[in-house]
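The residues making up each chain are set out below.
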Amino acid sequence: MMAGWTMGPEAWIWMGAWAFVLVFVVWLLVRAPDRDDREDALETLRSRLARGEITPDEFERARRLLEPGQDRRSP
């Protein structure tokens, strides 16, 4: 016979396990996909060039800064 409305240790363990599963599932749903920031920046540059917001010279200068292995001190 139960002596009250108490939870035993196994109930706390199960509740903790379900809380962990819930947090893990939410984390999987909201985490940002891995993306290459350099590619995003190049895409933004291409869009700005296509809209006429920057000149081709400005585009090339910025692209050289983003390209790996390029000398960043070149004009």
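Residues numbered from 1 in each chain as written. Predicted model: local features only at pLDDT ≥ 70, side-chain atom pairs only at ≥ 80, totals over all residues. Heavy atoms only, no water.

A. Local environment of a nonpolar patch on the surface. There is a patch of nonpolar side chains on the surface, built from W14, W18, F20, V21, L22, F24, V25, V26, W27, L28, L29 and V30 and spanning about 1300 Å² of accessible area. Mapped onto the fold, L29 is located in helix α1 (residues 9-30). (Patch = residues over 30% accessible without salt bridge, like charges linked within 9 Å, V, L, I, M, F, W, Y side chains within 5 Å. Areas by Shrake-Rupley, 256 points an atom, 1.4 Å probe, with all protein chains shown as cover. Salt bridge = Lys/Arg side-chain N within 4 Å of Asp/Glu carboxyl O. Helix = DSSP H or I, 4+ residues; strand = E, 2+ residues; numbered from the N terminus.)

B. Local environment of the packing of aromatic side chains. Considering all chains together, one arrives at two aromatic pairs under this definition. A ring pair is formed by F20 and F24, whose centres lie 6.4 Å apart and whose planes are at 15 degrees; its orientation type is stacked. A residue pair is termed a helical-turn pair when its members lie 3 or 4 positions apart in one helix, as F20 and F24 do in helix α1 at four residues. F24 gets classed as partly exposed once you look at its relative accessible area, which sits at 41%. Through a chain of ring-to-ring contacts, the aromatic side chains of F20, F24 and W27 assemble into a single cluster. Positioned over the ring face of W27 is R31, at 5.4 Å from the centre of the ring. (Phe/Tyr/Trp six-rings, centres within 6.5 Å; stacked < 30°, edge-to-face > 60°. Buried < 20%, exposed > 50% of the residue type's maximum accessible area, 1.4 Å probe, protein only. Lys NZ or Arg CZ within 6 Å of the ring centre and 35° of its normal.)

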